[in-house]
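Structure assessment
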Amino acid sequence: AMRILAAVAGVAAGDEAILGSFRVQTLSPRLLRIEPVGPKGYENRTTFTVVNRSWRGPAITSHTHTTVSTDHYSVELVSEHLTTPPAPCSQPQPNTAAFDRVNSAKFPNGGAAKDRGNCCAMCASDDTCSGWFYDASVRGGETNCWPTTSFSSLYSPMDNVGIDFAWFARGGGEVPSVVVRNAKGKVVFDTKTDVESSPNLLHWPAPMQKPAYVLVDYPRFHVPEWGPSPMPADVLELRETNGYDFGNDVNGDTYVLLLGDSMDDYHAARQELLDLIGNSPQLPDYAYGTWFTWWHAYSFADATEEVKRWQAGSLPLDVWALDMNWRRTADHMDRFYNHPNTDLFPNFTEWFQFLTHRGLRTYFNDHPFPVAGRNAGGLQTSPEEVAFRYQGLTEWMERGLTTWWFDRNWAFSIPPPFINESYTGCNWKGLSNTGWGSHIYFGTVAHYDKNVRDARGDTFYQRPMTLTKFAPTDWRSGMSSYDHRDSPAQHRFPVWWTGDQVPLLASVESMVTAGLHSLKPYVHSDCGGDFRGGADDLIRWTGHCTFGTILRYHGEDHRPWSYNPQTEATVKKYLDTRYRMLPTILSAGIRASKTGFPMVARGDLYWPGELGSERNDQYVFADDLLVAPTWNTSKTRTVWVPPGDWEDAWTGDRVSGPSHASVSVVAGRIPLFYRGGGLLVLGPHAMRVDDQDWSALTLEAFATSGSSRTQRQIYEREDSEQTSISFDVGQDAAVVSINGPPRKWIVRLHLLPGQSVKRALVDGLAAEALGIAAVTIESQDRPRQDFWVLGGAGTAPAPRAGPVVEVVVPSGGKERTVRMELIGEALV
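Scope of this entry: the structure provided in the associated data block. (Residues numbered from 1 in each chain as written. Predicted model: local features only at pLDDT ≥ 70, side-chain atom pairs only at ≥ 80, totals over all residues. Heavy atoms only, no water.)

1. So, the overall build of the protein
Helix and strand counts for the protein stand at eleven helices and 43 strands. Scaling as 2.2 N^0.38, a compact globule of 828 residues should have a C-alpha radius of gyration of about 28 Å, and the protein matches this with 28 Å. Projecting the C-alpha coordinates of the protein onto the three principal axes gives extents of approximately 75 × 70 × 70 Å. When the 828 residues of the protein are sorted by exposure, 62% land in the buried category. For the protein, restricting intrachain contacts to residue pairs at least 6 apart in sequence, the fraction spanning at least 24 positions comes to 73%. As presented, the protein carries roughly 29600 Å² of accessible surface, and 50% of it is formed by carbon and sulfur atoms. (Helix = DSSP H or I, 4+ residues; strand = E, 2+ residues; numbered from the N terminus. Rg over C-alpha atoms; globule rule 2.2 N^0.38 Å. Buried < 20%, exposed > 50% of the residue type's maximum accessible area, 1.4 Å probe, protein only. Contact = heavy atoms within 4.5 Å. Areas by Shrake-Rupley, 256 points an atom, 1.4 Å probe, with all protein chains shown as cover.)

2. Regarding the sheet that holds strand E26 (residues 551-553)
Strands in a sheet are paired, the pairing made by backbone hydrogen bonds, and the direction either parallel or antiparallel. Read from one edge to the other, the open sheet built from three strands follows the order E18-E17-E26, with strand pairing classed as parallel. Looking along the sheet, the strands with just one partner apiece sit at the ends: strand E18 (319-320) and E26. Note: strand E17 (residues 290-292) against E26, three bridges, orientation parallel. Note that in E26 the partner of phenylalanine 292 across the bridge is tyrosine 553. (Pairing = 2+ DSSP bridges.)

3. A few points about the packing of aromatic side chains
For the coordinates displayed, the defined rule picks out 61 aromatic pairs. Their ring planes at 45° and their centres at 6.4 Å tell us that phenylalanine 221 and tyrosine 244 sit as a pair that is tilted. With phenylalanine 221 in the loop between strand E15 (212-216) and strand E16 (254-258) and tyrosine 244 in the loop between E15 and E16, this residue pair connects regions lying 23 residues apart in the sequence. Ring geometry for tyrosine 363 versus tryptophan 405: centroids 6.5 Å apart, planes at 80°, classification edge-to-face. With a gap of 42 residues between them, tyrosine 363 in strand E19 (residues 363-366) and tryptophan 405 in strand E20 (residues 403-406) connect regions that are remote in the sequence. (Phe/Tyr/Trp six-rings, centres within 6.5 Å; stacked < 30°, edge-to-face > 60°.)

4. Quick word on the sheet that holds E16
Strand order in this open sheet of five strands is E1-E2-E3-E16-E15, and the pairing throughout is antiparallel. Either end of the sheet is taken by a strand with one partner, and the two such strands are strand E1 (15-19) and E15. The average angle at which neighbouring strand axes cross in this sheet is 20°, direction not considered. Pairing of strand E2 (residues 22-28) with strand E3 (residues 31-36), which is carried by six bridges, proceeds in the antiparallel orientation. Bridged to glutamine 25 within E3 is arginine 33. With respect to the sheet, helix H3 (residues 263-277) is in contact with E2, E3, E15 and E16, its orientation differing from that of E16 by roughly 155°. (Axes fitted to C-alpha atoms, helices over the stretch in contact; angles between N-to-C directions.)

5. Comments concerning the packing of helix H10 (residues 565-580) against helix H11 (residues 582-595)
The contact between H10 and H11 brings their axes to 5 Å, and the two run at 60°. The angle between H10 and H11 falls in the class oblique. Only Leu582, Pro583 and Ile585 of H11 make contact with H10, whose side of the interface consists of Arg578, Tyr579 and Arg580. Here the contact of H10 with H11 is built from residues that sort into four nonpolar, no polar and two charged. (Parallel < 35°, antiparallel > 145°, perpendicular 65-115°, else oblique. Nonpolar A, V, L, I, M, F, W, Y, C, P; charged D, E, K, R; others polar.)

Here you go:
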């Protein structure tokens, strides 16, 4: 039997009304849709952007030919004309050049601009422009502006050339002319005054900054269930586009989310946006371990010896991969998948078996070239392109490759649909090749994993994941978060790197802002940077990456032992710390996938409105660690201290917020603070994520000078079970309650200086009656460099911290309670 694709018509979710040529749908009490009629009518199928049509919205209480009202909001259609948003002109970056630059079609030789604003306007006037370079030193009337279509990557010349660069986040979405009011009649969105540039590109607002968020689904097209894999033979329609249906595209399909007046409203709206456009998928567990690549022509012998060296040095590692040198590049052989470099790796199957035997995953770098660019087939969704790409990628996965790195930072790449170009910066109605390519690679890996690996019970590769770029431009410090806007679909294709030659401060800023504004919880940079700096540079990078989203060494030679033994030892301490924190980190990642709340979070996601909470050069990691990376040799840095008590993890000194503090920076020590009232769950030492034994976990609980209640969830690996933990602490007692799968717990209460524990109870009974000792561990008077943070069970607190009281709770029932009665005057 032949299958027929789903029709456009269907049952609309929520209530709806037709206003002229527009349909208004009330999807939820805070979400509505205003949709112009498309070529095939109104669209009820899912699209590339919108993946959920199951809504039960509020009833429409009244409507006229121009208005719709519910008990929660009303919308007025002012005009049936769409409004064109302003051009996205950003503040340019100084002294910036580009590799493989391609000037735009309208300005192939550049042009003369009177100022930077005029240069941006020139870019805006050319649909092929994605950025512009401007030289203010050139005299008026001469060429000083170069609107640019494409470049492979940015760089900063050693000699200051005086040229500025600005990314142009070209969207294309237009917005219906409407006024939306909340239940109180207050205007929350007016197209005339509130529309922003490129509303079809995702930029979620910071907390309490706007009353509403507007997103346009454009370009709008339906993605078939098989995605970028070859379409089934029994499907008759749309074979020329592999089942992708572009026939009902229309500009202006607009979603309005009311953000409310509280943080609860704000987070609920963020969750509803994810319900609409999809969550970021849960990563495989191994993704939270250490990754390593180096753009280096490894041979099989070199690579195997290096993997053994990681093991010999007891350096935790989960992913070891090859950059582009896995295949031959001469005579355009790198446009294909069947030219492996057998001079370096005579037998790749043997290489994959070597890695699998050691519990390591791997990937290849790919700079894809479109089949249309070599006259071997049609455009992106053509049968020729789909078959070539899918077969090329999956034949290597069949041989043992785990996944792929879609590296669009090259002179050529695949374009988005309907674009017949092979350069990197192609854009179709706001859909960049970054977003489209991420869809192709993640969709291919996910389809193969589900239909081949999962089908045969192969669990080694776990959940699908690819490495792609987070936005078209390479990130630089000080760039506006609006410059990393991209398709609202791209957050569904993790994980993402930030481009080439990204400095450490820019890595921090992009990781923080992407988690907030782009809903991408796994943005990260090449750890160590593209250049080999000194040992201190590697250690500063490693500190940030340890307490960050993804820890992936790449760029130059960042092998820890290639610096000196002391550097290797310090790097090992950081990597060991990350692996000890895996129960906390994995749980933070799973929560990010479920709710969109980032594991690396900007302060205003917790404390909106506090002066300093919006800083992008520091962040809260997994709720209870304040991380303030350093990016230079300065001996101090300013840290915004959030409300509450915080303990310097290295010294034990305590500081209260909200305030700004000048923190001393010691070589090898990233500024780090524990939140008073916070909870962290640690595991034992492990060399691989999969090998960590969770039969006994350590719970680090931190006392506070006031009183607090903290609740956390620990998600079991490869399991739907979870453990709920609550921590109630005041002046007289601290209580830890655990509800989850039975296991041994080591509960460590970090007291304030001057405090002690009078009595400990386990499940309501005195600990000593159960044969359980409450062991007090005092801080040790020893050289500061000998101390290390988060050492786990049995380790002493920081030099000037209060004592730690440790209670070992043997494995027992599902519900366990540890109560410690406190005495003493806290010295804070």
